[in-house]
Amino acid sequence: MTDYGHDVRLGIFPTPDAADPQRAVDLAVLADSSGLDLVSIQDHPYNAGHLDTSTLLTWIAARTTRVRLSHNVANLPLRAPVVLARTIATLDLLSGGRADLGIGAGAFWDGIVAAGGPRRSPGEAVDALVEAIDIARQLWRGEGSVRAEGEHYRVRGLRSGPQPGGSPGIWVGAYGPRMLGVTGRLADGWLPSMGYLPPARLAEANARIDEAAVRAGRAPEDVVRLYNVHGTLGQRRGAGDGLHGHAEDWAEQLAALVLEEGMSSFVLATDDPVTVRIFAEEVGPALRDLVDTGRAVDGDRDMDRVEAAGGARPAPGAGTAPVEVGVSPTPDDGTRLTGELAWDEAARPRTPSPAGAPTAYTRQQLAAPQHLVDVHDHLRAELARVRDVVDQVRRGHLEVGQARSVINTMAMRQNNWTLGAFCESYCRMVTGHHTLEDRSVFPHLRRSEPGVGPVLDRLEEEHEVIADVLDRLDRALVELVGQDTYGQAGSAALDELGRSVDLLTDTLLSHLSYEERELAGPLARHGLA
């Protein structure tokens, strides 16, 4: 079993179809608003049916705010290293530090030669890749000069720069032994595709990367393991070679790839917006919960093996020593925007302390309640973004009402749709989190500690109230997006949306703090489901 401990990230791999040039952009915007982490584009400059990847990525960067962007992977024989490195540096600067360099040694050599590129042997292709990585890193220093005296690339007297705004990673698409060795020695990430390297072959390839990394004085963990995946939701097992089943099945299959094979970033090849949403809003949360639970269990097993071998658990401060009871819940300052709460906060039940409950927990035990706080903090942060976007759209309506231009009205309509997609994504995120608690976490805690039952009953009732609030928000979104004018009707719809968001803020922040306070102890004692 190999798990390098990297954060789980999800992304998409849309087709750069020249016949429908806006589709890949729209999918990227959807990925951005749905909470995905990555958008990558294949690079085949000799394919007349494809858009240019570098230009498309720049267009996507201008339409998104959070997803990282990369070639998947750049066709090195047709992209000179200096130009490619400067393209990525520019994209990184313009996007606010969101660019990475996915790079490959080349394939489909007939197409490359037809486009004016060289035909390289496998050995020459690997050597050229090594030279290109060195040139890119020299150029990104942003100081001094770039000098390369390679067999394939020679650079003399070139000033280094521009320096990227962030820290672009270099991800190598590698399959053969030499390329895997280069990945372990030089790369920040490994980016194979499931279609070319199925899961059964990952262990052998990872071992080659790890061995090369150690020989180069690096740690295996220095190389992030990304994986291009494919599949059709609802597809039966055995009907294809990709992911199969429904969202929960995908989450289980991907969790196994994290915990058993060390892959941690999954880039889904899809052009279907429904699949993008489900991947972001259902597969992603379930996958992260499974991985967190698996890692916590593995940590406990490691400690058990240490003790069975006659060792001792780590001393205080080493990560599993007893600490004082509790994880600090994120405080609720009591501010209410509407005065419309559907419950009496003072009448909420409390969690009793069971007989024999410990007065201290290990850091491993506290990982479960801390995970709950972390998930809730993410929901709070995204709610703040929703409120900010609503305010921006409200200001846009006022400006359009003053200007009354056709162009501004069109921009307002686009903003309405963007806000609708963003808010809908947030509603699905909250609903998915509560569904997971109702179906998995809460039943587990009821079985493990019956005394917490009244608290769980109350939390489930509050989930139903929050579902009604989300439904009200959804109706307000439908009303806003359906407006064709920027006048009184549009303003009324936006006012109702603002009230709905205020009510969601009141109910959700109250609920999250109560849940963290009451479930910290039970989660520390019994863990997640």
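Bear in mind that the values here come from a model prediction, so they are computed numbers and not experimental data.

K.L.:
Would you mind going over the packing of aromatic side chains with me for this structure?
P.N.:
Geometry of an aromatic ring pair is reported as the spacing of the ring centres plus the angle between the planes. Tallied over the entire structure, the rule returns two aromatic pairs. A ring pair is formed by Y175 and Y196, whose centres lie 5.9 Å apart and whose planes are at 70°; its orientation type is edge-to-face. Linking Y175 in the loop between β8 (170-172) and α6 (177-186) with Y196 in the loop between β9 (189-190) and α7 (202-215), this pair joins segments that are 21 residues apart in sequence. Judged by its relative accessible area of 54%, Y196 falls in the exposed class. Centroid distance W250 to F279: 6.3 Å. Interplanar angle 75°. Geometry classified as edge-to-face. Placement of the pair is W250 in helix α8 (residues 247-261) and F279 in helix α9 (residues 273-308), with a sequence separation of 29 residues. Stacked on the ring of Y4, the Lys or Arg R225 has its end atom at 4.0 Å from the ring centre.

K.L.:
Sorry if this is basic, but what is going on with the nonpolar core here?
P.N.:
In globular proteins that are soluble, nonpolar side chains generally tend to be buried together. Residues W190 and F266 are the most contacted members of the largest nonpolar core, which totals 81 residues. Considering each element in turn, this core owes the most residues, ten residues, to helix α5 (residues 122-140). Those residues in contact with F266, other than ones at most four positions away along the chain, are R9, L10, G11, Y227, V229, L254, L257, V258, F279 and L287.

K.L.:
Please explain unusual backbone geometry as it appears in this structure.
P.N.:
When glycine is set aside, most residues are seen to have a negative phi, and most peptide bonds are trans. Omega for the bond connecting N72 with V73 falls within 30 degrees of zero, at -5°, which places this linkage in the cis form. In this fold, V73 is placed in the loop between β3 (68-71) and β4 (74-75). The peptide bond linking G161 to P162 adopts the cis configuration, its omega dihedral lying at 0°. With respect to the helices and strands, the residue P162 is situated in the loop between β7 (154-159) and β8. Even without being a glycine, F108 presents a positive backbone phi close to 50°. Here F108 shows up in the loop between β5 (101-104) and α4 (109-114).

K.L.:
What should I look at first to understand the side chain of T275 in this one?
P.N.:
Its place among the elements puts T275 in helix α9. Excluding anything up to four places from it in sequence, T275 contacts L233, W250, L268 and T270.

K.L.:
Can you help me understand the sheet that holds strand β11 (residues 265-268) in this one?
P.N.:
Backbone-to-backbone hydrogen bonds pair the strands of a sheet. The strands run either parallel or antiparallel. Read across the open sheet, the nine strands follow the order β3-β2-β1-β11-β10-β9-β8-β5-β4; overall the sheet is parallel. The open sheet terminates on both sides in strands that have one partner only, identified here as β3 and β4. Relative to β11, strand β1 (residues 9-12) runs parallel, the two sharing four bridges. Each residue of the ladder has a partner; that of I12, found in β11, is L268.

K.L.:
Looking at this structure, how should I read the pairing of β3?
P.N.:
On a regular strand, one side chain projects to one face of the sheet and the next to the other, so that they alternate. Taken together, the four bridges between strand β2 (residues 38-41) and β3 define a ladder with parallel strand orientation. Within β3, the residue paired with L38 across the bridge is R68. Crossover handedness for the path β2 to helix α2 (residues 53-63) to β3: right-handed.

K.L.:
What's the story with α5 in this structure? I'm lost.
P.N.:
Residues separated by three or four positions in an α-helix point in the same direction, a consequence of the helix having 3.6 residues per turn. The end-to-end C-alpha distance of α5, which contains 19 residues, comes to 27 Å, matching closely the 27 Å that a straight helix rising 1.5 Å per residue would cover. Looking only at α5, the buried set comprises A125, V126, A128, L129, E131, A132, I133, I135, A136, Q138, L139 and W140. At the exit of α5 stands G142, carrying a positive phi of roughly 75°.

K.L.:
For this particular structure, what's the right way to read the packing of α2 against helix α3 (residues 81-95)?
P.N.:
Angle between the axes and distance between the axes are the two parameters that describe a pair of packed helices. Two elements in contact, α2 and α3, have axes separated by 10 Å at closest approach and are oriented at 10°. In terms of their interaxial angle, α2 and α3 are classed as roughly parallel. Together, S54, L57, T58 and A61 of α2 and T87, L91 and S95 of α3 make up the contact between the two elements. Among the residues forming the contact of α2 with α3, the class breakdown is three nonpolar, four polar and no charged.

K.L.:
Please clarify how the pattern of salt bridges should be interpreted in this entry.
P.N.:
Two side chains with opposite charge may pair up if their charged atoms get near one another. Summed over all chains, the structure comprises 33 salt bridges. One salt-bridge network, held together by shared partners, links E340, R472, E496 and R499.

K.L.:
Please clarify how the pairing of strand β6 (residues 145-149) should be interpreted in this entry.
P.N.:
Residues V146 and A148 line the buried face of β6, whereas the alternating positions S145, R147 and E149 sit on a face that is not buried. Bridge count for β6 against β7 is four bridges, and the pairing is antiparallel. Directly across from E149, in β7, lies its bridge partner R154. Where β6 hands over to β7, the hairpin turn is made up of four residues, counted between the paired strands.

K.L.:
Could you clarify how one ought to interpret the environment of W171 in this entry?
P.N.:
Tracing the backbone through its elements, the reader meets W171 in strand β8. Sequence spacing of W171 and I103 is 68 residues, and the spatial spacing of their C-alpha atoms is 6.2 Å. If near-sequence neighbours (up to four positions away) are discounted, W171 is found in contact with R9, L38, S70, D100, L101, G102, I103, D188, G189, L191 and L226.

K.L.:
What exactly am I supposed to notice about the environment of L202 here?
P.N.:
Tracing the sequence through the fold places L202 in helix α7. According to the relative accessible area criterion, L202 is buried, its value standing at 0%. The spatial distance from the C-alpha of L202 to the C-alpha of L257 is 9.1 Å, given a sequence separation of 55 residues. With near-sequence residues (within four places) excluded, L202 lies in contact with W190, L197, Y227, L257, E261 and M263.

K.L.:
Hey, could you run me through the side chain of H376 in this one?
P.N.:
Position of H376 relative to the elements: it lies in helix α10 (residues 367-403). Once residues lying within four places of it in the same chain are set aside, the contact partners of H376 are H433, E437, L512, E515 and E516.

K.L.:
Just to check I follow, could you spell out the packing of α6 against α7 for this structure?
P.N.:
Across the interface, α6 lies against α7 with an axial gap of 7 Å and an inter-helix angle of 50°. In this view, α6 runs oblique relative to α7, as classed from their interaxial angle. For α6 against α7, the interelement crossing comes out right-handed. Facing α6, whose interface residues are P177, L180, G181, T183, G184 and R185, α7 presents A205, R208, I209, A212 and A213. Tallied by class, residues from the contact of α6 with α7 come to six nonpolar, three polar and two charged.

Criteria and thresholds
Sequence order as written defines the numbering, with residues in each chain counted from 1. Side-chain atom pairs in this predicted model are given and counted only at pLDDT of 80 or more, local residue features only at pLDDT of at least 70, and totals for whole chains, interfaces and linings cover all residues. With hydrogens and water stripped out, all remaining heavy atoms of the structure feed into the side-chain values. Note on ring pairs: Phe, Tyr and Trp rings are taken, using the six-membered ring of Trp, and paired if centres are within 6.5 Å. Classes follow the plane angle, with under 30 degrees stacked, over 60 edge-to-face and the rest tilted. A run of H or I in DSSP becomes a helix once it reaches four residues, and a run of E becomes a strand once it reaches two; helices and strands are each numbered from the N terminus. A simple rule labels every residue: compare its accessible area, found with a 1.4 Å probe on the protein chains alone, to the largest value its type can have, and call it buried under 20%, exposed over 50%, or partly exposed in between. Here, over-ring charges are defined by two tests on the NZ atom of lysine or the CZ atom of arginine: distance to the ring centre within 6 Å, and angle to the ring normal within 35 degrees. We define a nonpolar core as any set of buried Ala, Val, Leu, Ile, Met, Phe, Trp, Tyr and Cys residues linked to one another through side-chain atoms lying within 4.5 Å. Whether two residues are in contact is decided by their heavy atoms, any of which lying within 4.5 Å being enough. When DSSP finds two or more bridges between two strands, those strands count as paired. For the handedness criterion, the strands are oriented away from the viewer, and a crossover whose path from the first strand over the helix to the second runs clockwise is classed as right-handed. Every helix has an expected span of 1.5 Å times one less than the residues it contains. Here, axes are lines fitted to C-alpha atoms. For helices the fit covers the stretch in contact, and angles between N-to-C directions go from 0 to 180 degrees. For classification purposes, angles smaller than 35 degrees are called roughly parallel, those larger than 145 roughly antiparallel, those between 65 and 115 roughly perpendicular, and all remaining angles oblique. Each residue gets one label: Ala, Val, Leu, Ile, Met, Phe, Trp, Tyr, Cys and Pro are nonpolar, Asp, Glu, Lys and Arg are charged, and the others, such as Gly, are polar. In what follows, salt bridge is the name for a side-chain nitrogen of Lys or Arg lying within 4 Å of a carboxyl oxygen of Asp or Glu. Should the near helix be turned anticlockwise from the far one by less than a right angle, the crossing is termed left-handed; should it be turned clockwise, right-handed.

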